[in-house]
2 protein chains.
Amino acid sequence: MIQYCFGIDVGGTSVKLGLFEVEGTLLEKWEIPTHVSDGGKQILPDIAASINEMLKQKGISKKQVEGIGIGVPGPVTVDGVIDGAVNLGWSTFNIHEELNELTGIRVKASNDATIAALGEMWQGAGKGYKNVALATLGTGVGGGIVVDGKILFGFKGAGGEIGHMHVQDDEKEVCSCGNYGCLEQYASATGIVRLANRALTKSNADSVLRNQEVLSAKKVFDAVKRGDILANEIAEEFGRYLGMAMANVANVTDPEIILFGGGVSKAGEIILEYIKKYYVKYAFQRAKEIPLAIATLGNDAGIYGGARLILSQ
Amino acid sequence: MIQYCFGIDVGGTSVKLGLFEVEGTLLEKWEIPTHVSDGGKQILPDIAASINEMLKQKGISKKQVEGIGIGVPGPVTVDGVIDGAVNLGWSTFNIHEELNELTGIRVKASNDATIAALGEMWQGAGKGYKNVALATLGTGVGGGIVVDGKILFGFKGAGGEIGHMHVQDDEKEVCSCGNYGCLEQYASATGIVRLANRALTKSNADSVLRNQEVLSAKKVFDAVKRGDILANEIAEEFGRYLGMAMANVANVTDPEIILFGGGVSKAGEIILEYIKKYYVKYAFQRAKEIPLAIATLGNDAGIYGGARLILSQ
């Protein structure tokens, strides 16, 4: 009887692995280092060895395993082809085929931010919903869209890559992608610091954000909580662009709930106030009412999403 | 043996019906009036009677029919629930159930703009592609997204409703939806006339657009073709907002091709020049290269899409 599956989240420094019961219980969670040298050739064999070791340890046969769902930091097509993952040293190949050959177990792969949306839908803040949009606010901005319980892959596996939506016409600084005025320039951790530095230069107002050795998104929202006026202005700007972008995402994909994860979301519910204010302003009538919430699975979203991917697609 | 299916497109004045072979050949195409009086209660019975009549005429038994795919002017969930269609007088009910009961044939329904995207993918400008975004530029702006060969319904069936994406922060005139700066205000036939009137008022420049009794999107693009400078400025504005919006749609849904249909698209390839200029500026690197094209099925896109819907979903 099939009772188990694996959810795996491949990052640039470590690989997170989870052994799940098919009902959704996480039985074991562990990490192995990511060996990115030599074009990342060792990553999948390391994962296969670690899975085999766990199966042996638990006395589970491969016949009892539904499969392996794996998230990687790059676009993956619905057929498992990754078109390069810079952080891992990977070029183009088929993850499904390679990891299946190494393990003898069925494999489904997807982009890591996308798979996190599926994880949140299954066992996190999106539980009970089937149509979820997730914005991941980290060093950059990523995202994932789940429609009727399934990942929106898109043609090249770049579905839900919302970080480079155009939101601001007058931006003079270039984004990492080469364009100007991308969402990532305002809503990522880096983007918020950029907004803060810009506000501090432009204004002479008192602010607890002055005299900080290193600014961070967390410090900005901590200052907001303490009533800092300049920090409030920065949060307004963050909220305006992110709220508008998510309103546009909602118009295009019609979700039931919108979630916010990643490092910036650790500031908590306060970010939702600023996002919601503008989301409601810009969303189409029908979409104004849907809930916005903070993702709850944190770093485990990827392994939950991997498990759900192999169980559902 | 199953050999046939029906594709139906319900409009406010007439219902278009098509009898197809399952391979995609349109055998018969006809229209019946849409009776919108009495809450549109007669519309589905009229369709059922017309289908039965055609089957009788052709000597086709219901066992030979795969089903009926039907597009309607309103959002339809994946389960067939329409949440009202103002143009038809309809309130909320399940189209699948009602039309199935009337015909004894399996039914799948969707929004009319969305279903047109599926039709274009099957037998129109999107033939050979599986991931298609369509913008319908008519009196308003609608749209449809096809992902991996299937319609993106969304939670309430409003997937692909791109007309009310926010694209302009400084708009002072209100959109029909109550928001300000929606794509529809710049890229619909009505929106283009609005831009033209605004440009004519603002500028004193000579233009063939002056001294027109009635302005239209067609007249604007005709003037563009004749080298009219003011008309060119209007087309630039149209292209900027539509190009930017479609770049954002591409970032979110990762299509292989983007199509433009509806009355405005009858101006032809010239609209693509203006859209493409800004699309390429704003799209994410990976999406800059994908083709933009004019939809080719015209008013038949809906019946083709209906047929494809019942064959594929």
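Please refer to the structure higher up on the page.
This is a predicted model, so every value here is computed, not measured. (Residues numbered from 1 in each chain as written. Chains lettered and ligands numbered in written order. Predicted model: local features only at pLDDT ≥ 70, side-chain atom pairs only at ≥ 80, totals over all residues. Heavy atoms only, no water.)

What's the story with the overall build of chain A in this structure? I'm lost.
Each helix and strand in chain A was counted, giving nine helices and 12 strands. Computed over the C-alpha atoms, the radius of gyration of chain A is 20 Å, within 12% of the 20 Å expected from 2.2 N^0.38 for a compact globule of 313 residues. Overall, chain A is about 65 × 45 × 35 Å in size when its C-alpha atoms are taken along their principal axes. Long-range pairs, those at least 24 residues apart, make up 60% of the contacts in chain A with a sequence separation of at least 6. (Helix = DSSP H or I, 4+ residues; strand = E, 2+ residues; numbered from the N terminus. Rg over C-alpha atoms; globule rule 2.2 N^0.38 Å. Contact = heavy atoms within 4.5 Å.)

Hey, could you run me through the packing of helix α3 (residues 112–123) of chain B against helix α9 (residues 301–312) of chain B in this one?
Geometrically, a packed helix pair is captured by the angle between its two axes and the distance between the axes. Residue and element names in this part refer to chain B. With their axes 7 Å apart at the nearest point, α3 and α9 run at an angle of 85 degrees to one another. In this view, α3 runs roughly perpendicular relative to α9, as classed from their interaxial angle. Where α3 approaches α9, its residues Ile 115, Ala 116, Leu 118, Gly 119, Glu 120, Met 121, Trp 122 and Gln 123 are matched on the opposing element by Ala 301, Gly 302, Tyr 304, Gly 305, Gly 306, Ala 307, Arg 308, Leu 309, Leu 311 and Ser 312. Of the residues contributing to the contact of α3 with α9, the split by class is 10 nonpolar, six polar and two charged. (Axes fitted to C-alpha atoms, helices over the stretch in contact; angles between N-to-C directions. Parallel < 35°, antiparallel > 145°, perpendicular 65-115°, else oblique. Nonpolar A, V, L, I, M, F, W, Y, C, P; charged D, E, K, R; others polar.)

Help me understand unusual backbone geometry in this model?
In terms of backbone geometry, most residues other than glycine have negative phi values and most peptide bonds are trans. Residues and elements named next belong to chain A. Its identity is not glycine, yet Asp 38 carries a phi of approximately 55 degrees, on the positive side. Relative to the helices and strands, Asp 38 is located in the loop between β3 (26–33) and α1 (43–58). The phi dihedral of Asp 148 falls on the positive side, at around 50 degrees, and the residue is not glycine. Looking at the element boundaries, Asp 148 is found in the loop between β9 (141–147) and β10 (150–151). Residue classification places Asp 148 among the partly exposed residues on the basis of a relative accessible area of 36%. (Buried < 20%, exposed > 50% of the residue type's maximum accessible area, 1.4 Å probe, protein only.)

What is the right way to look at the relation of the copies chain B and chain A in this model?
Both copies of the chain are placed relative to one another by a rotation about an axis and a shift along it. With an RMSD of 0.0 Å, the fit of chain B onto chain A corresponds to turning through 180 degrees and sliding 0.0 Å along the axis. Overall, the copies show the geometry of a two-fold rotation axis. (Least-squares fit on C-alpha atoms with pLDDT ≥ 70 in both.)

Would you explain the interface of chain B and chain A in this entry?
When the parts of a complex come together, some accessible area is lost, and that lost area is often used as the size of the interface. Contacts between the two partners involve 39 residues from chain B, matched on the other side by 39 residues from chain A. If you look at where chain B meets chain A, you find zero salt bridges. Joining chain B to chain A, the criterion identifies 24 residue pairs in polar contact (both at pLDDT 80 or more). Sorting the residues of the side of chain B that touches chain A by element identifies β9 (141–147), α7 (229–253) and α8 (270–282) of chain B as the ones contributing at least two each. Of the residues contributing to the side of chain B that touches chain A, the split by class is 18 nonpolar, 12 polar and nine charged. (Salt bridge = Lys/Arg side-chain N within 4 Å of Asp/Glu carboxyl O. Polar contact = N/O pair within 3.5 Å; in protein donor to acceptor, adjacent residues only side chain to side chain.)

In this structure, what is going on with the nonpolar core? I would like to understand it.
Here is a general trend for soluble globular proteins: nonpolar side chains tend to be buried in one another's company. By size, the foremost hydrophobic cluster in this structure holds 113 residues, and its most contacted members are Phe 238, Phe 260 and Ile 271 of chain A together with Phe 238, Phe 260 and Ile 271 of chain B. Apart from the residues within four sequence positions on either side, Phe 238 of chain B is in contact with Leu 137, Tyr 186, Ala 187, Ile 192, Leu 195, Phe 221, Val 264, Ile 271 and Ile 275 of chain B. (Core = buried A, V, L, I, M, F, W, Y, C linked by side-chain atoms within 4.5 Å.)

Can you walk me through the pairing of β3 of chain A in this structure?
Residue and element names in this part refer to chain A. Both strand β2 (residues 14–21) and β3 contribute to a ladder of seven bridges, which runs antiparallel. Bridging from a neighbouring strand, Phe 20 pairs with Leu 26 of β3. Linking two consecutive strands that pair antiparallel, namely β2 and β3, is a turn of four residues; a positive phi of about 120 degrees is found at Gly 24 within it. (Pairing = 2+ DSSP bridges.)

Which parts of the structure should I look at to understand the pattern of salt bridges?
Opposite charge on two side chains lets them pair, provided their charged atoms get close. Residues and elements named next belong to chain B. By the definition in use, this model includes 20 salt bridges over all chains. Salt-bridge contacts for Lys 218 lead to Asp 222; the nearest nitrogen and oxygen are separated by 2.9 Å. Of this pair, Lys 218 and Asp 222 are both found in helix α6 (residues 217–225), four residues apart, which corresponds to roughly one turn of the helix. Accessibility expressed as a relative area gives 22% for Asp 222, which makes it partly exposed. The partner of Glu 236 in a salt bridge is Lys 277, with the nearest N and O atoms 2.9 Å apart. Here Lys 277 lies in helix α8 and Glu 236 lies in helix α7, a separation of 41 residues in the sequence. The class of Glu 236 is buried, set by a relative accessible area of 18%. For Lys 277, a relative accessible area of 47% corresponds to the partly exposed category.

All quantities given are derived from atomic positions and should not be read as evidence of function.
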